[in-house]
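Remarks on the overall topology
Here is what each chain is made of, one letter per residue.
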Amino acid sequence: MPVRLTNRPVCHHCDDFPVVSITTGVRRPDGSRVTLRVVCPVCRGTGHAHHAPAALTRAGR
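Let me begin by describing the structure that accompanies this report. Positions within a chain are numbered from 1, following the residues in the order the chain's sequence is written. Only residues with pLDDT of at least 70 are given local features in this predicted model, and only at 80 or more are side-chain atom pairs given and counted; all residues enter the totals for whole chains, interfaces and linings. No hydrogens and no water enter the side-chain calculation; it runs on all heavy atoms of the structure.

1. Some points on the state of the cysteines
Under the convention used in this document: Two cysteine sulfurs form what is called a disulfide whenever their separation falls within 2.5 Å.
Summed over all chains, the structure comprises zero disulfides. Just so you know, C40 is unpaired, no disulfide at all, and the nearest cysteine sulfur is the one on C43, 3.7 Å from it.

Take a look at the structure:
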């Protein structure tokens, strides 16, 4: 039976692409490219938006 997860909102900073690899243009001796792994700083690589804690939520005017 499949596991059902709750419907979680997608991070609006990375649009559900939380981890990307960027090539530097440099090649290793075996011919492969050197890449940098970059993680979305907002969602920390999960791809889902996190809700602010109640203490940080703005209330009133």
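2. Some thoughts on the pairing of strand 2 (residues 33-39)
Using the following cut-off: A strand pair is defined by DSSP finding two or more bridges across the two strands. Think of it this way: any DSSP run of H or I at least four residues long counts as a helix, any run of E at least two long counts as a strand, and we number them from the N terminus.
Here strand 1 (residues 19-27) runs beside strand 2; their pairing, made up of six bridges, is antiparallel. Within strand 2, the residue paired with V19 across the bridge is V39. A loop of five residues connects strand 1 with strand 2, the two strands running antiparallel in sequence, and G31 in this loop sits at a positive phi of about 100°.

3. Digging into the environment of R37
Here R37 shows up in strand 2. Along the sequence, R37 and T23 sit 14 residues apart, while their C-alpha atoms lie 9.1 Å from each other.

4. Focus: unusual backbone geometry
Although it is not a glycine, R44 adopts a positive phi angle of roughly 60°. You can see R44 is positioned in the segment after strand 2.

5. Some remarks on a nonpolar patch on the surface
How we decide: Patch rule: a residue counts if its relative accessible area is over 30% and it has no salt bridge; like charges are joined within 9 Å, and nonpolar side chains (Val, Leu, Ile, Met, Phe, Trp, Tyr) within 5 Å. For the accessible areas, the method is Shrake-Rupley and the probe is 1.4 Å, while residue cover comes only from the protein chains on display. Throughout this description, the term salt bridge denotes a Lys or Arg side-chain nitrogen within 4 Å of a carboxyl oxygen of Asp or Glu. Under the scheme applied here, a residue whose accessible area is under 20% of the maximum for its type counts as buried, over 50% as exposed, and between as partly exposed, the area being computed with a 1.4 Å probe on protein chains only.
On the surface, F17, V20, I22, L36 and V38 cluster together into a nonpolar patch covering about 460 Å² of accessible area. Secondary-structure elements contributing two or more residues to the nonpolar patch are strand 1 and strand 2. Within the secondary structure layout, V20 lies in strand 1. Note on V20: relative accessible area 36%, which makes it partly exposed.

6. Describing the environment of G47
Stated formally: Any pair of residues with heavy atoms lying within 4.5 Å of one another is described as a contacting pair.
Structurally, G47 is set in the segment after strand 2. In this structure G47 comes out as buried when scored by relative accessible area, which is 0%. Leave out the neighbours within four places in its chain, and G47 touches P9, V10, C11, C14, D16 and P18.

7. Observations concerning the environment of A49
Tracing the chain through its elements places A49 in the segment after strand 2. When its relative accessible area of 25% is taken as the criterion, A49 is described as partly exposed. For the pair A49 and H13, spaced 36 residues apart in sequence, the C-alpha to C-alpha distance is 8.8 Å. The contact partners of A49, leaving out residues within four places of it in the chain, are P9, V10 and C11.

Shape is all these values report; function is a separate question.
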